[in-house]
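Residue-level structure breakdown
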Amino acid sequence: MADKGKFYITTAIAYTSRKPHIGNSYEIVLTDAIARYKRLQGYDVFMLTGTDEHGQKIEEYAKAAGVTPKEYVDKVSGEIKDICDLLGTSYDKFIRTTDDYHEKVVQKIFKKLYDQGDIYKGEYEGMYCTPCESFWTESQLVDGKCPDCGREVKPAKEEAYFLRLSKYQKQLEEYIEGNENFIYPESRKKEMLNNFIKPGLQDLCVSRTSFKWGIPVSFDEKHVIYVWIDALSNYITALGYDPDGSSDLYKKYWPADVHSIGKDIVRFHTIYWPIMLMALGEPLPKQVFGHPWLLFGEDKMSKSRGNVIYADDLVELLGVDAVRYYLLSEMPYASDGSITYETIIERYNSDLANTFGNLVNRTIAMQNKYFDGVICEPTDCEPVDDELKASALDTVKKVDKCFETYRVADAIEAVLNLAKRSNKYIDETMPWALAKDESKKARLGTVLYNLLESIRFIAVLLSPFMPETAEKIFAQMNCDVKDYDSLSAFGGLKAGESVGKAEALFARIDAEKMLADIAAKQEAAAEKEEKAKPEIEGLAEIAFDDFSKVELRVAQITDCEPIKRAKKLLKITVNDGSSQPRQIVSGIAPWYKPEDLIGKSVVIVANLKPAKLCGEMSNGMLLAGDVSEDDVKVLFVDGMPAGTKIR
């Protein structure tokens, strides 16, 4: 295969605040699929991923956990790397921003920019968001809160160093407008130009003095280098960039062909990062691809909402390739994707077990049954064969076209459609009927050859998405013709060789049983977490202002029913005096039947943040007492009108 040149692709480096959920894992699988496809085509690929490990938030998490910041990030970075490995990603380097070489080069970058006047010392005063580690002016706030995350902000003032974004504004604007594919897709480009760049760039705060967990400014050690210069520089430090002389690896692979990042950090990668590179005199990346998010149902995943799914849990249930398949196939190109346990099981059964798995299993079984596994020369052709061949060759073109613009879900759909066309070919040719007529032996051999060759096309094209499954198919076919160039013509499979034993690629899942098992595990985990809360001797005092934040209200239960698959939960509908009924999920099923509760008046916490439990939204909490270890009593207040506030 001819070498098509280099291809350097990166993910955003993951922040080491906590273990990543499956939505965070989408990016590494997406990027891996692109990297694998480019390797398949003959490119010399370098894929980079890693972890972002400095900042005030990390310092605070570590303090709360009673460990040093380094101990904290070592643990979380290890979890992130383990998940990358678990998901079968083929990164070439995993960088950590606490790596010694990275820290030293970041200090050199900062000093170089300072020495040439692109960084200067000043003072920052504004509203500060700790989770985002961002300063905002009053006019930038939305309803008085951080415009990025919606959380509370607080006034802050401190001495800081600033990067002269304003100096490079015109140069950046001209670059983006002159390089139409630099920001992709087009909607992200328009947003950056119209909302951020053209209104005017303010100089960027690039150091902090209010915390210590960061890379010190080499010439002013009361300052630590702020996240943007530290984290964004990873894309070049990982390759050996150094202002004093860069490595051959850097010279070979930079500029990056594509930064694959979430849509929420496009601004940092298309404004701050290019300006840093312009100031350093280095080439800009060829493209920044801002992909959408993977949501739980219609909501962002959040531990506080109880809707977090972790990659390792899914892999344990379904296997690595099934998880990769769902992540890659369920994400629309320019809008957010969705994941629920119900939909992933449904796609597993329909696409993997029924379409791909069934095609491979029955074709290899028929080859063994009718020809003792030996692959025949395709000598007896009919027009219906040409349709299958054309479909296979056309699929290669479609997949290639999809990858040009990173439409990975569309590429998978094209391969799935080839499998569906192959299953239809079985119905059209009816090999079982041909097998009954000795004079049709050559025709039967040709039909099975065409099916096996179509499956070989499918296996090659699936290898970037589901590498383990592709290898299992090749093993069952006893086939070593796996290269991309072999897909230029239909007929690469060698006649005279024998297939292996037919084995199920994906066993069908009993959806009801699996969902019940998942619900039981969720209940057990919640119970364990509740029991793990430390006992406190005496009462911890709170201020009156703290208590006044809790809104207690009388509500009458109008409906109640058990939740399928959740033995301890009841779904309760209440009238709390407002215009709309309220749904609450409560773990009181061991002590109360639905009919015992309907019509009763209870006290609820009305302003509790909503949470999803076993697929049902809970908007509040019932008050109840732990009478003993095995007995719970709900607080009934019959006779009090619905909506009455408890004070």
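The preceding data block contains the structure.
Just so you know, these numbers come straight off a predicted model, no measurement behind them. (Residues numbered from 1 in each chain as written. Predicted model: local features only at pLDDT ≥ 70, side-chain atom pairs only at ≥ 80, totals over all residues. Heavy atoms only, no water.)

**A closer look at the sheet that holds strand β9 (residues 204-205)**
Note the threshold: Paired strands, as defined in this entry, are two strands with at least two bridges between them according to DSSP. Strands are runs of DSSP state E lasting at least 2 residues, helices are runs of H or I lasting at least 4, and numbering of each runs from the N terminus.
Across the sheet, four strands lie side by side as β6-β5-β7-β9; this open sheet has antiparallel pairing. The open sheet has two free edges, formed respectively by β6 (134-136) and β9, since each of these has just one partner strand. Bridge analysis of strand β5 (residues 119-129) against strand β7 (residues 154-163) gives ten bridges, and the strand direction is antiparallel. Among the inter-strand pairings, Tyr 124 is bridged to a residue of β7, identified as Glu 158.

**What about the side chain of Asp 32?**
Our working definition: Whether two residues are in contact is decided by their heavy atoms, any of which lying within 4.5 Å being enough.
By secondary structure assignment, the location of Asp 32 is in helix α1 (residues 22-41). If we ignore the near neighbours within four places in the chain, the residues touching Asp 32 are Met 47, Gly 88, Thr 89, Ser 90, Arg 324 and Pro 464.

**Quick notes on helix α15 (residues 408-429)**
Here is the rule we go by: What a helix should span is 1.5 Å times the count of its residues minus one.
Between its first and last C-alpha atoms α15 spans 32 Å; for 22 residues at 1.5 Å apiece the expected length is 32 Å, and the two agree. Looking at the residues trailing α15, positive phi occurs at Met 430, about 45°.

**Details of the packing of α1 against helix α14 (residues 383-404)**
Here is the rule we go by: For helices, the axis comes from a line fit to the C-alpha atoms of the stretch in contact; other axes are also lines fit to C-alpha atoms, and the angle between any two N-to-C directions lies between 0 and 180 degrees. Here the angle decides the label: under 35 degrees means roughly parallel, over 145 means roughly antiparallel, 65 to 115 means roughly perpendicular, and every other value means oblique. For a crossing to be left-handed, the near helix must be turned anticlockwise from the far one by less than a right angle; the clockwise case is right-handed.
Running from amino to carboxyl end, α1 crosses α14 at an angle of 125°, the nearest separation of the two axes being 11 Å. With respect to α14, the element α1 is oriented oblique. Crossing of α1 over α14 shows left-handed handedness. Together, Ala 33, Ile 34, Tyr 37 and Gln 41 of α1 and Val 396, Val 399, Asp 400 and Phe 403 of α14 make up the contact between the two elements.

**Some thoughts on the packing of aromatic side chains**
Test applied: The rule is short: rings of Phe, Tyr and Trp, with Trp giving its six-membered ring, pair when the centres are within 6.5 Å, and they are stacked under 30 degrees, edge-to-face over 60, tilted in between. The buried label goes to any residue with under 20% of its type's maximum accessible area, the exposed label to any with over 50%, and the partly exposed label to all in between, with areas taken from a 1.4 Å probe on protein chains only.
Tallying each qualifying case throughout the model produces 30 aromatic pairs. Centroid distance Tyr 114 to Tyr 161: 5.8 Å. Interplanar angle 85°. Geometry classified as edge-to-face. With Tyr 114 in helix α4 (residues 100-115) and Tyr 161 in strand β7, this residue pair connects regions lying 47 residues apart in the sequence. Accessibility expressed as a relative area gives 32% for Tyr 114, which makes it partly exposed. Taken together, a centroid distance of 6.2 Å and an interplanar angle of 85° make the contact between Tyr 325 and Phe 356 edge-to-face. A residue pair is termed long-range when its members are at least 10 positions apart, and Tyr 325 in helix α12 (residues 320-329) and Phe 356 in helix α13 (residues 341-371) qualify at 31 residues. With relative accessibility at 1%, the residue Tyr 325 sits in the buried group. A residue is classified by how much of its surface remains accessible, and Phe 356, at 3% relative accessible area, is buried.

**A closer look at the packing of α14 against helix α17 (residues 441-462)**
Threshold: All amino acids are sorted into three groups, where Ala, Val, Leu, Ile, Met, Phe, Trp, Tyr, Cys and Pro are nonpolar, Asp, Glu, Lys and Arg are charged, and the leftover types, Gly among them, are polar.
Where α14 meets α17, the axes come as close as 11 Å, and the angle between the chain directions of the two elements is 5°. Between α14 and α17, the crossing angle belongs to the class labelled roughly parallel. For the pair α14 and α17, the contacting residues are Val 384, Asp 385, Leu 388, Lys 389, Ala 392, Leu 393, Thr 395, Val 396 and Val 399 in the first and Arg 443, Thr 446, Asn 450, Ser 454, Phe 457 and Leu 461 in the second. Residues that form the contact of α14 with α17 fall into these classes: eight nonpolar, four polar and three charged.

Geometric descriptors of this kind do not, in isolation, establish any biological role.
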